[in-house]
Amino acid sequence: MNPLELITTTSEQITPTLLNYEIGSDIESVLYHLIKKLKGEYEEFVIISFQDAYVSISKYLDSIYKDTSEVFKDSYLISINPFLEERLNPDFVTKTKDAEIIVGRISRNLGIKSNTLFLVLGLDLYGVKYPDELITIIPAIVRVLSTGKNNNILFMFNVKIFSDNIVEVMNSFALNVFKFGIEVKGNEIKRKLTVIRSPLVEYNLRSWYYTIAPSKIIFSSISGDLGL
């Protein structure tokens with residue numbers, strides 16, 4: 001199974017899914033292709049963006065793909081503590097650092113959603129500014145978004161700016177965990193995907209190198225790995 005199809009399949013099977021990444025892994029392109037595959041399977045698409053994460057990702061993707069606006073259109077945008085993002089006219093805005101207030105307002109605004117694709121961006125940025133609130137908000141937001149039936153929740157989280165303890169807390173609330181990183185060997189730098197946890201246990205702890213091409217992501221098996 002192609003690793004991108006693996007992420008798509010497992011996220012539809014159980015949720016939430018955590019995409020751990022580090023700078024250089026080009027996680028934005030991965031997200032673009034993933035949303036393109038998943039969006040049509042759900043009645044609604046909700047983006048929850050902390051600290052202007054969505055506008056930052058959109059700007060980057062717009063510079064690469066001509067149809068970014070088409071892929072992300074018709075989404076319901078919730079902006080937490082926005083500044084730049086306010087020009088996008090979010091559907092709902094809240095400005096507070098308090099994790100319980102944020103989750104409570106999200107819950108009241110959304111109600112109980114079913115058959116909905118949720119994309120949560122910028123929790124890492126929020127955690128940098130309000131580190132004491134991060135541990136509280138993670139389980140709370142998972143609980144609220146998981147209330148309805150047939151929902152799919154995707155989180156993105158930059159693992160390089162937090163301690164291992166924080167990363168493990170984040171991982172513990174996800175049923176699927178995929179790590180996108182950079183491997184350096186001599187003068188060669190490669191992007192690398194590793195399946196940390198998924199319901200398809202035969203793929204767990206397997207890794208692939210990948211290359212971002214204009215229209216797709218190309219995966220290659222690592223020597224000693226079982227391949228695709």
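Here is what the cut-offs are and how they apply
Residues numbered from 1 in each chain as written. Predicted model: local features only at pLDDT ≥ 70, side-chain atom pairs only at ≥ 80, totals over all residues. Heavy atoms only, no water. Helix = DSSP H or I, 4+ residues; strand = E, 2+ residues; numbered from the N terminus. Rg over C-alpha atoms; globule rule 2.2 N^0.38 Å. Buried < 20%, exposed > 50% of the residue type's maximum accessible area, 1.4 Å probe, protein only. Contact = heavy atoms within 4.5 Å. Lys, Arg positive; Asp, Glu negative; His and termini not counted. Charge placed at Lys NZ, Arg CZ, Asp CG, Glu CD. Expected span 1.5 Å × (residues − 1). Pairing = 2+ DSSP bridges. Axes fitted to C-alpha atoms, helices over the stretch in contact; angles between N-to-C directions. Parallel < 35°, antiparallel > 145°, perpendicular 65-115°, else oblique. Left-handed = near helix turned anticlockwise from the far one by under 90°. Nonpolar A, V, L, I, M, F, W, Y, C, P; charged D, E, K, R; others polar. Core = buried A, V, L, I, M, F, W, Y, C linked by side-chain atoms within 4.5 Å. Salt bridge = Lys/Arg side-chain N within 4 Å of Asp/Glu carboxyl O.

## Thoughts on the overall build of the chain
On a plain count of helices and strands, the chain comes out with 8 helices and 10 strands. Here the chain has a C-alpha radius of gyration of 17 Å; the compact-globule value for 228 residues is 17 Å, and the two agree. Referenced to the eigenvectors of the C-alpha coordinate spread, the extents of the chain come out at roughly 50 × 40 × 35 Å. Split into buried and exposed, the 228 residues of the chain put 54% on the buried side. Long-range pairs, those at least 24 residues apart, make up 68% of the contacts in the chain between residues at least 6 apart in sequence. Separation between the mean location of the 24 positive side-chain charges and that of the 27 negative ones in the chain comes to 1 Å.

## Overview of helix α7 (residues 131–145)
For α7, built from 15 residues, the straight-helix expectation of 21 Å at 1.5 Å per residue is met to within 8% by its first-to-last C-alpha distance of 22 Å. Where the residues of α7 are buried, they touch β2 (44–50), α5 (99–110), β5 (116–121), α6 (123–129), β6 (152–158) and α8 (164–172).

## A closer look at the pairing of β5
Among the 6 residues in β5, 6 count as buried, and that is most of the element. The alternating pattern of β5 places Thr 116, Phe 118 and Val 120 and Leu 117, Leu 119 and Leu 121 on opposite faces, both of which are buried. The sheet contact formed by β2 and β5 spans 6 bridges and is parallel. By the bridge assignment, Ile 48 is partnered in β5 with Val 120. Of the pairings in the sheet, the one linking β5 to β6 comprises 4 bridges and is parallel in character. For Val 120, the partnering residue across the bridge sits in β6 and is Phe 155.

## A look at the packing of α5 against α7
It is at 8 Å that the axes of α5 and α7 come closest, and there the two elements cross at 15°. Classed by the angle they form, the pair α5 and α7 counts as roughly parallel. As α5 runs across α7, the sense of the crossing is right-handed. Listed contacts from α7 to Ala 99, Glu 100, Ile 102, Val 103, Ile 106, Ser 107 and Leu 110 of α5 are Glu 133, Thr 136, Ile 137, Ala 140, Ile 141, Val 144 and Leu 145. Tallied by class, residues from the contact of α5 with α7 come to 10 nonpolar, 2 polar and 2 charged.

## Here's the deal with the pairing of strand β8 (residues 188–197)
One ladder, built from 9 bridges, connects strand β7 (residues 176–185) with β8; its direction is antiparallel. By the bridge assignment, Lys 179 is partnered in β8 with Thr 194. Between β7 and β8, which pair antiparallel one after the other, the connecting turn spans 2 residues, and Gly 186 there sits at a positive phi close to 65°. Where β8 lies against strand β9 (residues 207–212), 4 bridges are found, and the strand directions are antiparallel. Bridged to Arg 191 within β9 is Tyr 210.

## Re the side chain of Thr 10
Mapped onto the secondary structure, Thr 10 falls in helix α1 (residues 3–13). Classification of Thr 10 by relative accessible area gives buried; the value is 0%. Setting aside residues no more than four positions away along its own chain, Thr 10 makes contact with Asn 176, Phe 178, Ser 198, Pro 199 and Leu 200.

## Remarks on the nonpolar core
Counting 38 residues, the largest nonpolar core has Ile 35, Phe 72, Leu 119, Leu 121 and Phe 180 as its most contacted members. Per element, the largest residue contribution to this core is 7 residues, and it comes from helix α2 (residues 27–38). Discounting chain neighbours no more than four positions away, the residues touching Phe 180 are Ile 7, Leu 19, Asn 20, Tyr 21, Glu 22, Ser 25, Ile 27, Val 30, Lys 192, Leu 193 and Tyr 210. Counting residues in hydrophobic clusters, the runner-up holds 34 residues, among them Tyr 130, Leu 134, Val 159 and Met 170.

## Quick look at the pattern of salt bridges
This structure, assessed with the given rule, holds 7 salt bridges. For Lys 95, the salt bridge is made with Glu 86, and the minimal N-O distance between the two is 3.1 Å. Accessibility expressed as a relative area gives 35% for Glu 86, which makes it partly exposed. Its salt-bridge partner being Glu 183, residue Lys 192 comes within 3.0 Å of it at the nearest N-O pair.

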